[in-house]
Amino acid sequence: MKQKPKLSFWQIWNLSFGFLGVQIGYSLQNSNTSGLLKSFGADLSSLSLFWLAAPLAGLVVQPIIGMFSDGTWTKLGRRRPYILFGAIISTVALFLMPNCPKLLAFAPLLMGALVFLFMDLSFNVTMQPFRALVTDMLDDSQKTQGFVVQTFLINLGSIIGALLPLIMTHVFGASDAEVPGHAPQHVAWSYYAGAAILFLSVLVTVFKVKEYPPKEFAEYSATEGEASPAEPKKSFWQLLKTTPKTMIQLGVVQFFSWAALFLMWNYLQPLVTRAFINTDGVLNGEAQTWTGVLNAVYPVSACIISLLMTRLATKYGNKTVYALCLFCGAIGYASLAFCTCKVAMIFPMIFVGIAWAGVLAMPYSILSRAIDARSSGAYMGIFNFTVTIPQICMGLLGGVMVSLLRGVLVPGGKAVYESLDVVSKAQADSTVAVGMFIIAAIFMALGSIAVRFVKEK
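Conventions and cut-offs
Residues numbered from 1 in each chain as written. Predicted model: local features only at pLDDT ≥ 70, side-chain atom pairs only at ≥ 80, totals over all residues. Heavy atoms only, no water. Helix = DSSP H or I, 4+ residues; strand = E, 2+ residues; numbered from the N terminus. Rg over C-alpha atoms; globule rule 2.2 N^0.38 Å. Buried < 20%, exposed > 50% of the residue type's maximum accessible area, 1.4 Å probe, protein only. Contact = heavy atoms within 4.5 Å. Areas by Shrake-Rupley, 256 points an atom, 1.4 Å probe, with all protein chains shown as cover. Lys, Arg positive; Asp, Glu negative; His and termini not counted. Charge placed at Lys NZ, Arg CZ, Asp CG, Glu CD. pLDDT = per-residue confidence, 0-100. Salt bridge = Lys/Arg side-chain N within 4 Å of Asp/Glu carboxyl O. Core = buried A, V, L, I, M, F, W, Y, C linked by side-chain atoms within 4.5 Å. Axes fitted to C-alpha atoms, helices over the stretch in contact; angles between N-to-C directions. Parallel < 35°, antiparallel > 145°, perpendicular 65-115°, else oblique. Left-handed = near helix turned anticlockwise from the far one by under 90°. Nonpolar A, V, L, I, M, F, W, Y, C, P; charged D, E, K, R; others polar.

Draft legend 1. Looking closely at the overall build of the protein. The helix and strand inventory of the protein stands at 18 helices and two strands. In summary, the protein has a C-alpha radius of gyration of 22 Å against a globular reference of 23 Å for 457 residues, a match within 12%. Its C-alpha atoms give the protein principal-axis dimensions of about 75 × 45 × 40 Å. Taken over 457 residues, the protein has a buried fraction of 61%. Restricting to contacts in the protein with at least 6 residues of sequence separation, those with at least 24 account for 83%. Accessible surface, the protein as shown: approximately 17400 Å² in total, 70% of it carbon and sulfur. Side chains of the protein give 31 positive and 21 negative charges; the mean places of these two sets differ by 8 Å.

Here it is, written out as structure tokens:
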């Protein structure tokens with residue numbers, strides 16, 4: 001019986017190294033998009049609608065790319081051509097985002113929304129094949145390690161991307177001053193640096209990894225007890241109809257955890273702003289920079305936990321580790337809701353990082369053992385529905401939730417809110433953000449409970 005060869009640590013590392021750069025770009029987007037869109041003219045109640053670009057892009061693109069890459073064989077293999085193409089487009093999008101007011105001066109917010117969508121489409125084209133590449137190249141005994149290494153690199157990229165504005169300010173001297181209608185200089189430079197790193201890191205995976213040729217890969221798949229190499233491949237709709245129960249059960253967990261993450265990415269910046277409000281005005285530049293710092297904290301704890309996760313999962317089981325990770329996320333969100341000191345906010349983000357590590361590694365490790373490796377790209381694309389659908393739901397409901405919370409938490413409701421000055425509006429927005437983080441904590445707790453009902457192969 002022919003088994004996939006055991007790969008060395010550095011071979012496993014190279015499989016996901018390009019994800020480091022992609023995640024730097026994604027982290028820049030998560031930390032700065034709300035601030036950029038607000039500077040281009042967006043209101044807090046409409047932010048969630050703009051953030052719909054990300055899940056909608058993933059909902060459409062990832063299954064398509066998964067299906068196409070399953071049937072693609074070139075000199076670069078079947079996954080790497082898509083990784084390279086997506087990286088090129090992502091690099092262009094990162095260069096464009098800070099320049100939206102220059103690209104369309106009379107409607108910078110519209111241009112920002114379009115570039116945001118364009119950027120997310122390209123990120124999804126690049127990211128999707130990395131998940132399938134790990135499944136393709138590793139046997140069952142190394143898959144958890146493969147996804148843990150990928151999680152480590154994702155979190156390292158998150159740290160770098162989140163800290164780039166701070167680095168640009170304090171190392172390279174870029175200004176963090178807010179210029180109405182324009183991207184702050186330190187944010188713009190961060191996007192340019194992130195674009196360069198993304199492209200170079202993807203080249204490492206593209207040229208260092210050698211995928212198995214079709215005949216050899218088919219032999220490995222047959223040996224693992226999956227579909228016969230001679231059996232006709234199923235269509236997307238056939239795969240959708242025969243989705244493993246494990247994927248559906250994981251989908252419930254994913255719904256709660258990704259809904260919570262979406263709320264954090266949307267409303268962390270207004271939550272942080274309350275720590276920078278004084279009688280003279282709102283120090284948005286500093287608040288934006290500190291949002292990036294906090295977005296760098298949780299990947300640090302995620303990196304540390306990911307180094308231990310293979311051992312912990314082996315000893316206690318994937319489900320136990322997964323559930324505990326999400327419960328830590330619930331603690332982190334609840335604590336953030338009540339922190340008013342910028343330094344104190346660091347500690348809850350450590351707990352959020354533990355949840356993030358679990359979300360990135362555990363469901364994919366569990367799922368990879370329950371699917372046919374020949375169609376792993378399509379299945380990983382279908383599984384991405386469980387990432388995008390909760391975000392779409394929160395994007396559609398976010399404005400309604402903000403309006404309801406304003407009515408309850410802001411004295412006088414929306415009518416009074418519109419008449420407030422800049423400082424008072426920022427204080428009101430922070431109050432609403434507190435409510436959003438409490439909801440996020442409840443979602444994470446429900447996700448932790450839902451792990452118990454997942455049947456693992």
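Draft legend 2. Highlighting the confidence of the model for the protein. In this model, the protein carries a mean pLDDT of 84, and residues with pLDDT of at least 70 account for 90%. Mean pLDDT per element in the protein: strand β2 (residues 281-282) is the minimum at 50, and helix α13 (residues 318-337) is the maximum at 95. Within the model, the stretch residues 223-231 combines pLDDT values under 50 with 19 contacts to residues more than four positions away or in other chains.

Draft legend 3. Representation of the pattern of salt bridges within the structure. Using the criterion set out here, one finds five salt bridges in the structure. Linking R78 and D136 is a salt bridge whose minimum nitrogen-to-oxygen distance equals 3.1 Å. Of this pair, R78 sits in the loop between α3 (53-70) and α4 (80-96) while D136 sits in helix α6 (residues 108-137), placing them 58 residues apart in sequence. The two residues R78 and D136 agree in class, both being buried. D429 is the partner of R406 in a salt bridge, and the nearest nitrogen-oxygen pair spans 3.3 Å. Of the two residues, R406 sits in helix α16 (residues 385-409) while D429 sits in helix α18 (residues 422-450), which places them 23 residues apart along the sequence. Grouping residues by exposure puts R406 and D429 together as buried. Members of the salt-bridge network, linked through shared partners, are R78, R79 and D136.

Draft legend 4. Structural context of the environment of L28. Inspection of the secondary structure assignment puts L28 in helix α1 (residues 9-39). Along the chain, L28 and K210 lie 182 residues apart, while their C-alpha atoms are 30 Å from each other. Excluding residues that lie within four positions of it along the chain, L28 makes contacts with T33, G161, L164, P165, S190, Y191 and G194.

Draft legend 5. Seen up close, the nonpolar core. Among the nonpolar cores identified, the biggest contains 141 residues, and L261, M264, M309, Y333, M349, W356 and F437 are the most heavily contacted of them. It is helix α11 (residues 245-273) that provides the largest number of residues to this core, a total of 16 residues. Apart from residues no more than four positions distant in its own chain, M309 is found in contact with V148, V321, C325, A357, G358, A361 and M362.

Draft legend 6. Inspection of the side chain of S122 at higher detail. Its location among the elements puts S122 in helix α6. If we ignore the near neighbours within four places in the chain, the residues touching S122 are G86, I89, S90 and A93.

Draft legend 7. Summary view of the side chain of S306. For S306, the location among the structural elements is in helix α12 (residues 284-316). Not counting the four nearest positions on each side in its chain, S306 is found in contact with V148, T151 and F152.

Draft legend 8. Representation of the packing of α1 against α6. Where α1 meets α6, the axes come as close as 10 Å, and the angle between the chain directions of the two elements is 155°. Considering their axes alone, α1 and α6 lie roughly antiparallel with respect to each other. Between α1 and α6 lies a crossing of left-handed hand. Within the contact of α1 with α6, the residues separate by chemical class into 15 nonpolar, seven polar and two charged.

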